[in-house]
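# Descriptive analysis of the structure
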Amino acid sequence: TAVLDQARDGLQQFIRAALTSNRCKVPPLVVHMDDYLGPQQDSLLGDMSYNTAMLQLAKWYDTFAISYGEVVRDIAWLLGDSTFSNKKDVHFSNWAHQTIAWSFGFASLEL
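The present account deals with the structure reproduced in this document. (Residues numbered from 1 in each chain as written. Predicted model: local features only at pLDDT ≥ 70, side-chain atom pairs only at ≥ 80, totals over all residues. Heavy atoms only, no water.)

Pairs of aromatic rings are described using the distance from one ring centre to the other and the angle between the two planes. All told, the structure shown has one aromatic pair when counted by the stated rule. Their ring planes at 70° and their centres at 6.1 Å tell us that Phe 64 and Phe 104 sit as a pair that is edge-to-face. Remark: Phe 104 occurs in helix H4 (residues 94-108) and Phe 64 occurs in strand E2 (residues 64-67); sequence separation between them is 40 residues. With a relative accessible area of 38%, Phe 104 lands in the partly exposed category. (Phe/Tyr/Trp six-rings, centres within 6.5 Å; stacked < 30°, edge-to-face > 60°. Helix = DSSP H or I, 4+ residues; strand = E, 2+ residues; numbered from the N terminus. Buried < 20%, exposed > 50% of the residue type's maximum accessible area, 1.4 Å probe, protein only.)

To continue, consider the pairing of strand E1 (residues 31-34). Walk down a regular strand and you will see the side chains alternate between the two sheet faces. Along E1, the buried face is formed by His 32 and Asp 34; none of Val 31 and Met 33, which line the opposite face, is buried. As defined by bridge partners, E1 adjoins E2 across four bridges and the pair is classed as parallel. By the bridge assignment, Asp 34 is partnered in E2 with Ser 67. (Pairing = 2+ DSSP bridges.)

Moving on, we get to the layout of surface pockets. Space inside the largest pocket adds up to approximately 380 Å³. Taken together, 21 residues make up the lining of the largest pocket; nearest its centre are Thr 63, Phe 64, Ala 65, Ala 107 and Glu 110. Only helix H2 (44-61), E2, helix H3 (68-78) and H4 provide two or more residues apiece to the lining of the largest pocket. Class assignment of the residues belonging to the lining of the largest pocket gives a composition of 14 nonpolar, three polar and four charged. (1 Å grid on protein atoms, 1.4 Å probe; cavity = no way out; pocket = protein on both sides within 12 Å on 5 of 7 lines; lining within 4 Å. Points joined across faces, edges and corners; volume = space filled by probe spheres on them. Nonpolar A, V, L, I, M, F, W, Y, C, P; charged D, E, K, R; others polar.)

This part takes up the environment of Glu 110. Relative to the elements of secondary structure, Glu 110 occurs in the segment after H4. Judged by relative accessible area, which is 64%, Glu 110 ranks as exposed. Each C-alpha atom, one on Glu 110 and one on Phe 64, is 9.5 Å from the other, the two residues being 46 residues apart in sequence.

What follows concerns helix H1 (residues 2-20). In a regular helix each residue adds 1.5 Å, so 19 residues correspond to 27 Å; H1 covers 27 Å between its end C-alpha atoms and thus fits that length. Every buried residue of H1 is accounted for by Leu 4, Ala 7, Leu 11, Gln 12, Ile 15 and Ala 18. Taken end-on, H1 shows its buried residues confined to a sector of 130°, consistent with a single buried face. In H1, the exposed positions angled more than 90 degrees off the buried face are occupied by Ala 2, Gln 6, Gln 13 and Thr 20. (Expected span 1.5 Å × (residues − 1). Arc of directions from axis to C-beta.)

One full turn of an α-helix is made of 3.6 residues, so residues set three or four places apart face in the same direction. Taking 1.5 Å of rise per residue, 15 residues should cover 21 Å, and H4 covers 21 Å from first to last C-alpha, within 8% of that figure. Within the sequence span of H4, burial applies to Ala 96, Thr 99, Ile 100, Ser 103 and Ala 107. The buried residues of H4 occupy an angular sector of 105° when projected down its axis, which confines them to one face. In this structure, H4 carries Asn 94, Ala 101 and Trp 102 as exposed residues pointing more than 90 degrees from its buried face. Against E1, E2 and H3 lie the buried residues of H4. (Contact = heavy atoms within 4.5 Å.)

The next subject is the side chain of Thr 99. Structurally, Thr 99 can be placed in helix H4. Contact partners of Thr 99, with chain neighbours within four places excluded, come to Tyr 68, Val 71, Val 72 and Phe 84.

So yeah, pure geometry; function would need other evidence.
Here it is in structure tokens:
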């Protein structure tokens, strides 16, 4: 889709710039932290496009990708729990911020 292509192109430019910015032998650690849960668009595919592109490129370039939405999406959307999301606004509660921090910490163990 056009939204997915636009997200992928922008992210790919960022990754390439980051990976070529350091002249050392060891490439820099590129971290993508997606804290967007949604829904702020008219379609679910629009909401998922950035996340899909981020995960695809992280695998392709062997970079680090963490998605808050992947952690809590089933709880927030399927079960309707509002602890980790605010459907009226993208700004969320302290629980969501703590979950993002824990997600980052847990994911960094896989490095």
